[in-house]
Amino acid sequence: MHLPARLAAVAAGLFALFSSAYAVAVNQTKGDFEDKFRQLDESLPTPNIYRNAAGEPGFAYWQQQVDYKIKVALDEKKRRLSASESITYKNNSPDSLRYLWLQLDQNRFKKDSLAERTAEFGGIGQRGPGSRSASGREPAKISFGALRRHQSMKDTPLGYDIEAVKDLNGESLPYTIVGTLMRIDLPRPLRPKQGVTFSVEWAYNIPEEDAVSARAGYETFEDGNDIFLVAQWYPRLAAYSDYEGWHNKEFIGRGEFTLEFGNYEVEITVPADHVVASTGELENANDTLTQTQRDRLEQARTADKPVFIVTAEEALENEKAGTNSLKTWRFKADHVRDFGWASSRKYIWDAQGYAQGGEVMPFVWAMSFYPKEGEPLWSTYSTEAIIQTMEVYSRFSFDYPYPKAQSVNGPVGGMEYPMITFNGPRTEEQDDGTRTYSRSEKTFLIGVVIHEVGHTYFPMVVNSDERQWTWMDEGLNSFVQILAEQVWDPEYPSRRGEPKNIVGYMKSTNQVPIMTNSESILQFGNNAYGKPAIALMILRETILGRELFDFAFKEYANRWKFKRPTPADFFRTMEEASGVDLDWFWRGWFYSTDHVDISLDQVYKLRIDTEDPDIDFVREREFELKAPSYVNDARNAELEGPSRVERRPHIKDFYNEHDRFTVTNKDRNKYASFLEGLDDWEREALERAVKEDENYYVLNFSNLGGLVMPIILQIDYTDRSSETIYIPAEIWRRNPKAVSKLLITKKEIKEIVVDPHLETADADVENNYYPRRFIPSRIEAYKQEQNGRDLMQDIKTELKKPDEKSDDQ
């Protein structure tokens, strides 16, 4: 027999014996076969002249251009906007268009909207105020917030009033409103490379954001003043793309926005004492800012910390005054996909110049706008966080491409638009008149500013389709946000910074794949933000490594800067630029609800046979003597008196002196014959293996979660040394349910730990140790509480006056 075969039967072959028997027990069968490594290109759109197989724009890539000239007036008392716009639409597609689709997002709040008509009572994952269905003896419940929302929408008619749609000659154009969409029928087809200009006049009542949960709206303070955050406010063109045609899926509330790039000229008329923050550059600073404010801006240009343009004292005086006069602010923005603005007399305004360098935008304004209710938190951290965002995000993508970045406080927790973001954290006024904030409110502000300003990169520049795939902007942005938070402060408590943070969600039954449409997602935050962010973190730290990942991710960002990528473009770019096949990773993390749970089930310690009976038989005898004995044997040994054989030695024979491990010359001759049949190289290999006398360990793993991942092992040896072994995910390619691995080492293993640094989101650490060990946890003692009301005692309670606190407060 040749050495390889003999070794297979003896050493590596013991590995085969243990591993094959184990694999058979949990093997795939004909009926449940699943190829976790099947090529994803079978599911992705076919590459074409617009999007190529490498994941980059094709040679014939195109996208539409839409330019806007808007005039809008804010009626503060009525809380109503009235506006008109001139829209120029350039058809860069190869298609002739007979009509145009516009988005009317404010119609989402009409009583007969698709969103309102399909809202569930007690539904899963609803946005805004909630409700609960009846359960057992528990009555159905509705939150005060839901009641407030119903009453607000009942009292104030919401949605657009479209007053006119006209062509360039002032002639009316026919239009049809379909929920949150409006189709304008053109008098003649708009052919490729042609443009058309038309106008729309409209008005709408601004929703109260705290009541309606509208992503924008007004907020009224106790002093009678308002903050207005204005977004989704103008009829804007729906996107028309090579992969979908018109993106005319209605706005229901979850799926955000899919838009075209264009140039904007916007005139905003507001009360003269308001401060306006807006997308774009201010064109008439001499008419809207005082000389003092312009001087402060000049000072802030080179300052090393934020400078107040409107101080807290000036904002406080502004709140008291009020005026009937109006002022018009003119802004211009180029190459943006949307436009948002904010207005209030309450705003404190600080600014700092950021010398970014580079050729694209060497200088950028970082600005923050907030009321006194945000102090001292906002003046300390908001503008600093803006600059931190630009510094970090640019390293992983491209230089910030716009002239300013702004963080504006208001009733919206966090929303993003080109050059402007809405962020919600506030401080609390104490009895002594001071204002303080909690640690969580501080980290909330820093995190939300980084996140929302980060959206400038994804999706305001890398213009993904938010209405279809929320994860393409929220997930990618949350990933880079984590990186920015880590270099803000190593102790910063990132909500989604570590793989272990997503384990609970990935084990849950109430979930859908990441690739699910935005409106159908369950557990929205975990699905669209947390899981894709952690997936990318694992891809960077564990699968590809930082160098490969960072190159590929930056390549994706630059390929699709100011263009519209799809998931296929992202997946293909990451593979093409890294040079690593990641189809198994995208399938598992983005297309399935599997979770990670790799169990180390058994470890066998083997020793290679020498084939010399004088050596191997001795080893086998020692091995048998060390094996546990049956309890009956031990108890019999405790009985008094010698055995019959001991008492009557004459009945002993040859077999009492020789066991089955006795070596005979026949065994020795067989060994000699074996050696004679070996080639020189085979004998040398055997002699070396026998001389080195290494330990052979067979590790049996099972994949309990279904998601294939690399197996990362920490090996601790009895000599107190340790090493880490990385087994790529491809070990699962033939059987994703169970695999075995042979480790050969001179040292003796003391303990093996799977995923020792918790970097793969493994859901069950209890099966990661071999041998098993205690898992530390906590138990808390408690006192049993009595149930029920003591009505006889409670009826004696005196009624408290309105200004008195009850005993249970």
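Residues numbered from 1 in each chain as written. Predicted model: local features only at pLDDT ≥ 70, side-chain atom pairs only at ≥ 80, totals over all residues. Heavy atoms only, no water.

(A) Inspection of the overall build of the chain at higher detail. A count of helical and extended segments in the chain gives 23 helices and 34 strands. Its C-alpha atoms give the chain a radius of gyration of 35 Å, clearly above 28 Å, the size a compact globule of 809 residues would have. When its C-alpha atoms are laid out on the principal axes, the chain stretches across 125 × 85 × 55 Å. Within the chain, the proportion of its 809 residues that are buried is 50%. (Helix = DSSP H or I, 4+ residues; strand = E, 2+ residues; numbered from the N terminus. Rg over C-alpha atoms; globule rule 2.2 N^0.38 Å. Buried < 20%, exposed > 50% of the residue type's maximum accessible area, 1.4 Å probe, protein only.)

(B) Here's a closer look at the nonpolar core. Among the nonpolar cores identified, the biggest contains 184 residues, and W233, F553, F570, F585 and W589 are the most heavily contacted of them. No other element matches helix α9 (residues 377-396), which puts ten residues into this core. Here F553 is in contact with F396, F458, L476, F479, V480, L536, F570 and M574, once residues within four sequence places are set aside. Membership of the second largest hydrophobic core comes to six residues, among which are M153, L158, V212 and A214. (Core = buried A, V, L, I, M, F, W, Y, C linked by side-chain atoms within 4.5 Å. Contact = heavy atoms within 4.5 Å.)

(C) Local environment of the packing of aromatic side chains. In total, this model carries 50 aromatic pairs according to the counting rule given. Aromatic pair Y234 and Y264: ring centres 6.0 Å apart, planes at 80°, arrangement edge-to-face. With a gap of 30 residues between them, Y234 in the loop between β11 (226-230) and β12 (236-237) and Y264 in strand β15 (residues 262-271) connect regions that are remote in the sequence. Accessibility expressed as a relative area gives 1% for Y234, which makes it buried. Its relative accessible area of 1% is what places Y264 among the buried residues. An angle of 65° between the planes, with centres 6.0 Å apart, marks the rings of W471 and F570 as edge-to-face. In this pair, W471 sits in helix α11 (residues 471-488) while F570 sits in helix α15 (residues 567-578), placing the two residues 99 residues apart along the sequence. Assessed through its relative accessible area of 0%, F570 is described here as buried. Through pairs of rings, three or more aromatic residues link up here, namely F37, W471, Y556, F570, F571, W584, F585, W586, W589, F590 and Y591. The aromatic ring of F257 is capped on one face by R236, whose charged end is 4.8 Å from the ring centroid. (Phe/Tyr/Trp six-rings, centres within 6.5 Å; stacked < 30°, edge-to-face > 60°. Lys NZ or Arg CZ within 6 Å of the ring centre and 35° of its normal.)

(D) Representation of the packing of helix α10 (residues 439-454) against α11 in the model. Orientation of α10 relative to α11, taken along the N-to-C sense of each, is 135°, at an axis distance of 9 Å. Comparing the axis directions of α10 and α11 gives the class oblique. Crossing of α10 over α11 shows right-handed handedness. Where α10 abuts α11, its residues I446, G447, I450, H451 and G454 lie against E474, N477, S478, Q481, A484, E485 and W488. Taken together, the residues of the contact of α10 with α11 sort by class into four nonpolar, six polar and two charged. (Axes fitted to C-alpha atoms, helices over the stretch in contact; angles between N-to-C directions. Parallel < 35°, antiparallel > 145°, perpendicular 65-115°, else oblique. Left-handed = near helix turned anticlockwise from the far one by under 90°. Nonpolar A, V, L, I, M, F, W, Y, C, P; charged D, E, K, R; others polar.)

(E) Quick look at the pairing of strand β29 (residues 695-703). With nine of nine residues buried, β29 is to be regarded as a mostly interior element. Neither face of β29 is exposed, since N695, Y697, L699, F701 and N703 on one face and Y696, V698, N700 and S702 on the opposite face are all buried. Direction of pairing for strand β28 (residues 598-607) relative to β29: antiparallel, over a ladder of nine bridges. Residue pairing across strands places Y604 opposite V698, the latter belonging to β29. Bridging between β29 and strand β32 (residues 738-745) involves eight bridges; their strand directions are antiparallel. (Pairing = 2+ DSSP bridges.)

(F) Region of interest: a negative patch on the surface. There is a patch of like negative charges on the surface, built from D679, D680, E684 and E687. Its location among the elements puts E684 in helix α22 (residues 680-692). (Patch = residues over 30% accessible without salt bridge, like charges linked within 9 Å, V, L, I, M, F, W, Y side chains within 5 Å. Areas by Shrake-Rupley, 256 points an atom, 1.4 Å probe, with all protein chains shown as cover. Salt bridge = Lys/Arg side-chain N within 4 Å of Asp/Glu carboxyl O. Lys, Arg positive; Asp, Glu negative; His and termini not counted. Charge placed at Lys NZ, Arg CZ, Asp CG, Glu CD.)

(G) Looking closely at the pattern of salt bridges. The final tally for this structure, using the stated rule, is 47 salt bridges. The salt bridge involving K346 is made with E373; its shortest N-O contact spans 3.4 Å. Placement of the pair is K346 in the loop between β20 (341-344) and β21 (348-355) and E373 in the loop between β22 (363-370) and α9, with a sequence separation of 27 residues. Of the residues examined, K346 reaches a relative accessible area of 0% and is grouped as buried.

(H) How the structure looks around the pairing of β15. With seven of ten residues buried, β15 is to be regarded as a mostly interior element. Where strand β1 (residues 65-75) and β15 come together, six bridges link them in parallel fashion. Residue pairing across strands places I70 opposite V266, the latter belonging to β15. With nine bridges joining them, β15 and strand β19 (residues 326-336) adopt antiparallel strand pairing. Of the residues in β19, the one forming a bridge with E267 is R330.

(I) Summary view of the sheet that holds strand β31 (residues 722-727). Pairing is antiparallel across the open sheet formed by four strands, whose spatial order is β31-β30-β33-β34. Of all the strands in the sheet, the pair left with one neighbour each is β31 and β34 (769-770). Pairing analysis gives two bridges linking strand β33 (residues 749-754) to β34, with the strands arranged antiparallel. Looking across to β34, one finds that I752 is bridged to Y770.

(J) Layout of the side chain of D612. Structurally, D612 can be placed in the loop between β28 and α17 (613-626). Although D612 lies buried, it forms no salt bridge, and the closest oppositely charged side chain, R668, sits 6.4 Å away as judged by the N-O distance. At a separation of 3.0 Å, a polar atom in the side chain of D612 contacts the main-chain amide nitrogen of D614. (Polar contact = N/O pair within 3.5 Å; in protein donor to acceptor, adjacent residues only side chain to side chain.)

(K) Representation of the sheet that holds strand β7 (residues 175-178) within the structure. Read from one edge to the other, the open sheet built from four strands follows the order β7-β8-β3-β12, with strand pairing classed as antiparallel. Unpaired on one side and paired on the other, β7 and β12 mark the two borders of the sheet. The pairing of strand β3 (residues 97-103) with β12 spans two bridges and is antiparallel. Paired with L102 across the strands is L237, a residue of β12.

(L) Representation of a nonpolar patch on the surface within the structure. Together, F121, I142, F144 and L147 make up an exposed nonpolar region whose accessible area comes to about 450 Å². In this fold, F121 is placed in the loop between α3 (114-117) and β4 (131-132).

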